[in-house]
Amino acid sequence: MKHLLLATTAAVAVSVAAPAFADPTIGYVPGSLAQSKITTGPWTLHESVFKRDASGIVPTASGPPYAGSGVPYRGICMQSGVFATNVGTSVMQPFYFPFVRRNGSVIEGFFDYRPRNQQEATVAAVSSDWGKTWQFTGMALALNPYCPWDATDPDNLYVSVGGVQTRYGIDATNAADNGLGHPVVLNVNGNQYIYHLNRATNHIDSDQLVVHPLPVATPGSLAGLPAYGYQSPLAPVYPALDSTATATTGLINPDAFMGSVPLPGGITAGVYVEKTLNGDTSYPSAQKCPSTPAYALTNFVNGKARKRNDDVTVVRIATTTDGINFTDVGPATGLNDPTTVALNGIRYLGSGSILPLSNGHYGMFFGAGNCLDNDSDGFHFIGYAETVNVVSQASDLLAWRVIYGFDNPILSTDTVINPVGPRPYPLSAPVVNVTGADALTAAQVAPFVPAVAPTGYLTPTGGYNSNFFSGRVYDPQALYTDSSTVTIVFAGYNTPQPSNNLGDYRTIGRFQLQFPAGYVAPF
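The following refers to the structure shown. A quick note: this is a predicted structure, and the numbers were derived from the prediction, not measured. (Residues numbered from 1 in each chain as written. Predicted model: local features only at pLDDT ≥ 70, side-chain atom pairs only at ≥ 80, totals over all residues. Heavy atoms only, no water.)

Looking now at the sheet that holds strand β11 (residues 147-148). Overall, antiparallel pairing links the three strands, which are arranged β11-β12-β13 in an open sheet. Edge strands, defined here as strands with exactly one partner in the open sheet, are β11 and β13 (164-167). Where β11 lies against strand β12 (residues 158-161), two bridges are found, and the strand directions are antiparallel. Within β12, the residue paired with P148 across the bridge is V159. (Pairing = 2+ DSSP bridges. Helix = DSSP H or I, 4+ residues; strand = E, 2+ residues; numbered from the N terminus.)

On to unusual backbone geometry. In this chain, G63 is followed by P64 through a cis amide linkage whose omega measures 5°. Locating P64 in the fold gives a position in the loop between β5 (52-53) and β6 (89-91). Residue P65 is reached from P64 by a cis peptide bond, and omega for that bond is -15°. Non-glycine residue N253 carries a positive phi angle of around 40°. Looking at where N253 falls in the secondary structure, it is placed in the loop between β17 (246-247) and β18 (254-263). Despite not being glycine, N278 shows a phi value in the positive range, around 55°. Locating N278 in the fold gives a position in the loop between β19 (267-276) and α1 (297-302). A relative accessible area of 49% places N278 in the partly exposed class. (Buried < 20%, exposed > 50% of the residue type's maximum accessible area, 1.4 Å probe, protein only.)

Counted under the stated rule, the structure contains two disulfides. Residue C77 pairs covalently with C147 via a disulfide, S to S 2.0 Å. Across the S-S bond linking C77 and C147, the dihedral sits near -95°, which makes this disulfide left-handed. Residue C77 is found in the loop between β5 and β6, and its partner C147 is found in strand β11; the two are separated by 70 residues along the sequence. The class for C147 is buried, based on a relative accessible area of 9%. (Disulfide = S-S within 2.5 Å.)

Below is the structure:
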C-alpha cells in the first residue's frame, strides 16, 4: 500500500452506456482499522504528552464538586483564561462528523470539533497515511471564547466571562455546544464553499445551510474564515451569525451534504440529507417506532428506556450553478424507508459520502439506523448502496439500491440479540469484524467501568467500550486509494450517548476496503 497519495483526478459524469457490474463483494483489508490521532490542534480529552485525561461520567451527586463525574474539562483552559492546546499526538477526541477529500499528495479533513456543552468549531488537518494520523492545520468558526467556570461540572452550567460566573448550560437561550456543525466543502464551477448546519435551537434542520467561501489555498487551509461563527454564544445576541456568513436557498430542511457530482452545462448536483424534526407525528401508529426493546444498546447503557424519536430523514438531490442557490430535484428512493419499524430495516439515514464507479454509476457509503436507536442521526451501522442508473444527469441520482444493509453491514455497533428466537442484530457479522479496537486503556476512561453484559447482549469483553465505535458509527467518508482499495474515514462513539462517558466520546477512525480491481473510478 502506498503511503503518499496520487494527484487528484476530477470525477466526470458519464453520458454514454456502460457495462453493468455484478454486485461487488467488498472485503476488509486486515489490520487497516485504526483509531485516528492528531498532532497539535485544540484541547483533546486525552492529551498524550502531559497525560491529561478528561475522564468522567454523569455525576452521582449534586455539586460542585460533582461526585462521580471525574473532571470532564480537565486542563481545557490555562490559568490565564486562555484555551489550552493539544501538545504532541493524541487520540482525536472530541472530533466527529468528518469531511475528507484528496488534495495532491495528502488527504485533507474538515472536522466538527465539539467538547460537550462547551464548544463547537471546524478543525482542518492533513494526513499522508490515509487518515491514521493527522497534522493540525487550522481552526475557525468557533462558538465559545469562554472557559468553563467549574471543570468538574459535566453540564458546564456556568462559564467565566471576564472572571464573572455567568449562566451558560443552565440557560436554554445560550449556546452550550450548539454551534456550526457538519462541515462539508464543495467545488462549484471553480469556486469553493464550506457549508455548515446551524445547530442553534429553533434553527437546526429548518434553516438553510450556512455558507462561507473557502479560498483555494494550501491543503487543509481555513484561511479567510472568521475565528468565531457567531457574534456571541450568550443570549440575547446568540444565535446571530458572523457578518461574513450567507445561506443557501432552495434546500429542504438540510442537515448536511453527502457529496456532489459535476454535470454538463456548469451544473453541480448535490446529494444531501433532509431531516424533518418530529416529522412522523401524523403517521399511523403502525408507522411510528414502538417502545425501544429492552435489549437495545440505549436501554442497556442508560438503564431506562428513552422516548421514541419522531424525526424523518430523506436523502434528496438538488442542483446549483453558483453553490448558493439550489433547485430541488426530488427525494432519492431505495435507500431508507421512514415508515419502517422493522429492527433490521433502514428508517434513518443521516450521513455519508458518494464516489464514482468505473461503469458510470455512483456508490454511496452511509450511516443508518432504525427504531433500536431512539435517535435519527443514523449511527447504528455503515452500509453501501449504488445508483440504479448510469449518472449523466441529476435525475439519475434519484434511484438507489442497497447492497450492504443492516443485516450484512460494512461496520456495525455492538451486536444485540432478541432473546425471542433468538435473533441477532445484525444477522451476519460485518465486513469489518474486529474487537478491542479502542486505543484507550480502562484507566484512561475511569471512572467509567464496562458493565457485565445482561442476557441478550453480546460483546467480546462483556462491556460496551470494547471498540471506540461500539455505541455509534456514522458519516463514512470514502477515498479512492488505488485500483482495488477504498479508504473510509468515519466517526464513532464507544457508547450511544456522549453523556454516558465524558472521558471517551466523539472520535475519528479509519479502515480500508477491498473492491474488485478497477471497480471504483479515480476521483
